[in-house]
Amino acid sequence: MRKLMVLSIGAMMCAIAFGQHGGFGSALYPEKLRADAEALRMAIHQAHPDPYRYLTRGELDAAFDSVIEAIREPLTADRLMARLMPAIARIGDSNLRVDLHADLKERVLRESAQIPFAVRLFGDGLYIERELKGFRSFAPGTRILSINGLSAERIVRDLGAWITVDGANETWRMHQVQEQFAWLFLLSYGPAERFLVEAESPDGSRREEVVVGLLQREIEDSRRPSGLPSLPWRSAWLPESGTQWITFTSLDPDVIKRSGQNPKAFLAAACKEANEQQAKAVVLDLRGTGGRELGVAEVILAAFAREPFRLVQNITVRATRPAALPGSVAMPEEFIASIDRNYLPPQNGSAMLRPDDPRLDPVAPAKHGFRGRVFVLCDGGTRDAAALFVMAAHRSGCALLVGDEPATNAHSFTGGRTAVVTAPNSGLRLEIPLLRYIPDGVSDAPLDRGEQPRHRAQSTAAALADGRDEVRTALLRLIRELH
């Protein structure tokens, strides 16, 4: 009992320290911080392909002016980043990201203990998916009520403030709070050796427990898979429901290439099996899936399309003068070379894709694809090329969309190659997407939201506690009922 009291007091002291978190690394004088904020503002004005979609240039400048004028005391790089986040978030682009310099971030992660939880967010709260490093202080599905005196509601709000989203779409923010919980908690409140966790077990009982923090290398060891790595694309025949279930964990060409998989050969084999089995349905599971190359999305859609299609009606750029960008800039050389070759002369600061560009040509369906019923499963982690595939499949009528709203805006979004601008004093890295995509087809989604699923489906805390994929179960039940 005495030991527990000592640990509890220590954890509560950590809670007090959180409110005084002074940041990581050395503090910089205000004039240097203001110069960095100004450099990042200038880079956004010059390079971002659609910076004034949700606010005017004057409103964006006013947001940055407010930040710059409020910097009157020395700050560390992460505290400057916290000040900048509200202004950057106003742009409404999930691919416009600011982060610490790689060296500083690596040192912080190497030296700082983090909270040892993988978590999931549901409508009624924050839940523990598993405790890292094999500890079993809390069962999966346990609801977190507070950590070191901070309510779960406040924690989710504070951690979410570090995430930029497309327009008013909150699914990406919630997905990232889940995926980066330990890092965002550290960034928000600073390091702690122990955490006092108040929680509600799946059986409804409440208790407090002190858990010990983990270093980043310990967290990585706990996540390291055993045995052979899973392939990024997987297909399984489910005879009980007559369904071919195809899972895509990444549409990144480099990831696929490293795995040794051939996208066209994989899809041909999966479609052949579905046709031979006379499948009632094919499910394309793109939950948590991203990738910047639109060509991969084209290959997938061609395997299930019923008529010629195209993914985008246009692409635009604004960074037509890379040399004018401020500070230290890393710009893809192939992007610079492509501007004059692939884009029309700029008008009002933007250049549009030439009308004869092959990316605007219709794509023919694959000769031996699957033409039966197709369901596409997505969530708040479905983004970029995967989200564009979702939009095209839904709008063309070749698939029924199930799950949660994808992270990417349904009407216009950024992506492709990026410019990385490094602030000269703090070392903050601003990643600016260079392309703006305008998807083909018509969507009924609000202008500031992602493509809307026909059937909403989300998991629950009860399923988490039981180790079930409730969305998968519900979709397979729907397929059986339809047949």
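An account of the accompanying structure is given in this report. Per-chain numbering applies: the sequence of each chain, read as written, is numbered from 1 onward. Whole-chain, interface and lining totals are the exception, using all residues; otherwise, since this is a predicted model, local features are given only for residues with pLDDT of at least 70 and side-chain atom pairs are given and counted only at 80 or more. Side-chain calculation: all heavy atoms of the structure are included, whereas hydrogens and water are not.

### With respect to the state of the cysteines
Piece 1. Note that a disulfide, as used here, is simply two cysteine sulfur atoms within 2.5 Å. Considering all chains together, one arrives at zero disulfides under this definition.
Piece 2. Distance from the sulfur of cysteine 271, which forms no disulfide, to the nearest cysteine sulfur (cysteine 398) is 11 Å.
Piece 3. Categorising residues by exposure relies on relative accessible area from a 1.4 Å probe, with only protein chains included: less than 20% of the type maximum marks a residue as buried, more than 50% marks it as exposed, and the intermediate range marks it as partly exposed. Among the residues examined, cysteine 271 registers a relative accessible area of 2% and is labelled buried.
Piece 4. A residue is classified by how much of its surface remains accessible, and cysteine 398, at 3% relative accessible area, is buried.

### Digging into the pairing of strand S17 (residues 429-439)
On a regular strand, each side chain points to the face opposite its neighbour's, so the side chains alternate between the two faces of the sheet.
Piece 1. Strands here are runs of E lasting at least two residues and helices are runs of H or I lasting at least four, both read from the DSSP assignment and numbered beginning at the N terminus. Taking burial as the measure, the 11 residues of S17 include nine buried ones, the bulk of the element.
Piece 2. Only strands that DSSP links by at least two bridges are regarded as paired with each other. Pairing of strand S1 (residues 97-99) with S17, which is carried by three bridges, proceeds in the antiparallel orientation. If you follow aspartate 99 over to S17, its bridge partner there is arginine 429.
Piece 3. Here strand S11 (residues 312-317) pairs with S17 via four bridges, running antiparallel. Among the inter-strand pairings, threonine 316 is bridged to a residue of S17, identified as arginine 436.
Piece 4. Sheet topology note: the strand S16 (residues 413-422)/S17 ladder contains eight bridges and is antiparallel. Each bridged residue has a counterpart across the sheet, and for threonine 422 the counterpart in S17 is arginine 429.

### A closer look at the pairing of strand S6 (residues 194-200)
Piece 1. Bridge count between strand S4 (residues 142-147) and S6: four bridges; the pairing is antiparallel. In the sheet register, arginine 143 faces S6, and the bridge partner there is glutamate 200.
Piece 2. Sheet analysis places S6 next to strand S7 (residues 206-212), joined by seven bridges and oriented antiparallel. The residue of S7 that forms the bridge with glutamate 198 is glutamate 208.
Piece 3. Following S6, the chain reverses through five residues before pairing antiparallel with S7; glycine 204 in that reversal takes a positive phi of roughly 95°.

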